[in-house]
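Tertiary structure, described
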Amino acid sequence: MADAVDRVLSHLTLNSGQFHELSMRNRVVLSQLPLSLTVLLIVTGSLLFHPLVLQDGLFRVGVALQVFILLLCILLPWHRLPYPSFLIIPLLDFLPIGLMRHGAGTEITGVGLLTVFPVIWLAASGLYPRRLLAVGFFAALAIVWTPVFLTGGEITASSLTQSLLLPFIMLGIAVTIRVMTASMMDQQRVVEEKDAELTKLLAESGRRERLLNTIVNSVDVGLLAVNETGDPVLTNRKLQQFQALAAEDGGTSHSEQDLLIYQQDGRSVLPAARRPSRRAADGQVFSDYLLWWGQQPNQRVLSTSSRLMTDQSGSREGSVVTFNDVTELVAALNAKDEFVSTVSHELRTPLTAIRGYLELLMAAPDVPEHVVAGLEVVSRNSDRLHKLVLDLLAAAEGSPDIRPAPTDFPALVSQRVASARERNQNPAVRFEEAGQQGITINCDPGRIAQVLDNLLSNAVKYSPSGGTVTVTVQSGEDGVECRIADQGTGMTAEEITGVFSKFFRTSAARNAAIPGVGLGLAISKAIVERHGGSLTCRSTAGEGSTFSFRLPVHP
Ligand code: ADP
């Protein structure tokens, strides 16, 4: 009941949104109701205070017509009639109002003001604005003038102008309502357009969300998006599978700190602060961060990466972490290293025997000269083979053992440059030394000599048309730096990115058949990093390369 009252009040207070949702019949009845109720009020008032008025024939006809018009509003099949046909009701309303006004005479004044109801209705309809304004004005005029003409009295200018106020008031009201209605209609149109746009946008965003969900759940990579406080805002199906794999005792907690995540040995638990979503929540950006998820025999190796998410103003909104299963790749790489290591070990034993017997043969007396020359060739090649086997073993070993000792670093560098000068068979290559003297650091001199030999021999090997190899030693606050710069073939930016990978060779090196297998730099980098230092490369194709390594004073 309260609801119904609310609805009626809401319609009566011109809640246009709800009003337009009603059926045509209800709208017509509701629009007629204020006039009908006011007439009812007048009739009741007349019954109580002016019973004489009710005896007037015209007044009665007017009231009856009002009732008849209300019935028309209720009974006519409005939904089948053309839309503007409802206008007939306010137009008809003028007749009973005129009759009632005349009938009420001077007993009840102000009945003519009822004209305001049809006038408002016509103006608020928004249809035929000018014509309906004129109709309202002339109808009100007719209501006040008709009695003047019909009563047979004298028609004077004063009798005609006396009641002109009513039509003009009605015209003013109609114009005001018309202006207000027009602006309301404009506003409503804007709101409706916005509403349609919003509905379209919502549908589009729903479509995009479904598309995104389908993609996110169909990729073979685990995905996690976290907000700036580290709370997950999105996970995909693949990540949930990884989490189930690493959940303790098949438990249901998929919270990262409860998962069984291990370090490279597959057994040491990864501390909470180094877990990927914790690092991502701290705003760290990382790539190829390898983690061992779950326990054997179902353990998987996941490569994780994190990127920042930013909002329109560029401030951090969170991060996206990806989890890629690289178990098979890691297993293949381990198998390759194992193979290289086994083969190298197998090669080393017969090679040692060959080299031993070679030495014996070369030292034997009475060996003819041409045989000695042949044995020297065999010896040189077996040395190369031996170095290659040692490189392969070192590469398979990964992290070399070092035995640091106080070392005069510039002296070590000079010694290796002198040795390189001796071995250099390209007269177009010159060596130059620059930099400081007398810096003692703690390093493994044998291993660092290996690094220097490799960098110096590369500088010569990859300078086939000659040039200067400049070796500079400098000490800094945190250690020493050695730079070896050549003017040789150089490398492209893309080649530089792979230069420290095992078995990497540039196409120029392969095409020119420069001997090498692509292990020297990988081993050198491992040695320098084992000392706590770094090895870097700058190079320009056709201009030359500079390899620099830094070593801390104490590794
Ligand atoms: P190797 O020299 O035995 O092939 P390295 O690991 O020492 O192996 O070098 C890897 C590759 O890097 C080389 O094959 C060569 O293509 C490139 N490279 C190394 N040093 C230089 C240099 N100084 N100038 C140009 N290219 C170089």
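Summarised in this report is the structure supplied together with it.

Thresholds applied
Residues numbered from 1 in each chain as written. Predicted model: local features only at pLDDT ≥ 70, side-chain atom pairs only at ≥ 80, totals over all residues. Heavy atoms only, no water. Near = heavy atom within 4 Å. Polar contact = N/O pair within 3.5 Å; in protein donor to acceptor, adjacent residues only side chain to side chain. Helix = DSSP H or I, 4+ residues; strand = E, 2+ residues; numbered from the N terminus. Nonpolar A, V, L, I, M, F, W, Y, C, P; charged D, E, K, R; others polar. Pairing = 2+ DSSP bridges. Salt bridge = Lys/Arg side-chain N within 4 Å of Asp/Glu carboxyl O. Buried < 20%, exposed > 50% of the residue type's maximum accessible area, 1.4 Å probe, protein only.

1. A short note on the site of the ligand
Near the ligand there are 20 residues, and of these Asn458, Tyr462, Arg505, Thr506 and Leu521 occur at the shortest range. Within the backbone of glycine 518, one N or O atom sits 3.2 Å away from an oxygen atom of the ligand. Contact distances for the ligand include 3.3 Å between a nitrogen atom and a side-chain N or O atom of serine 545. The element that contributes the greatest number of residues to the shell around the ligand is helix α16 (residues 445-461), accounting for three residues. In terms of residue class, the shell around the ligand is built from nine nonpolar, eight polar and three charged.

2. A few points about the environment of serine 457
Locating serine 457 in the fold gives a position in helix α16. Separated by 227 residues in sequence, serine 457 and glycine 230 place their C-alpha atoms 51 Å apart.

3. Some details on the sheet that holds strand β6 (residues 316-325)
The six strands lie next to each other as β2-β1-β6-β5-β4-β3, forming an open sheet whose pairing is antiparallel. Unpaired on one side and paired on the other, β2 (232-235) and β3 (261-262) mark the two borders of the sheet. Relative to strand β5 (residues 300-310), strand β4 (residues 286-293) runs antiparallel, the two sharing six bridges. What sits directly across from tryptophan 293, in β5, is arginine 300.

4. A closer look at the pattern of salt bridges
For the structure shown, the criterion picks out 15 salt bridges. One salt bridge connects aspartate 325 with arginine 300, and the closest N-O pair in it is separated by 3.0 Å. Of this pair, aspartate 325 sits in strand β6 while arginine 300 sits in strand β5, and the two are 25 residues apart along the sequence. Aspartate 325 gets classed as partly exposed once you look at its relative accessible area, which sits at 27%. For arginine 300, a relative accessible area of 23% gives the class partly exposed. A salt bridge links arginine 300 to glutamate 328; its shortest N-O distance comes to 3.2 Å.

5. Concerning the environment of leucine 212
By the secondary structure assignment, leucine 212 is in helix α10 (residues 165-218). For leucine 212, a relative accessible area of 48% translates into the label partly exposed. The spatial distance from the C-alpha of leucine 212 to the C-alpha of proline 84 is 49 Å, given a sequence separation of 128 residues.

Remember that the coordinates give geometry; whether it matters functionally is a separate question.
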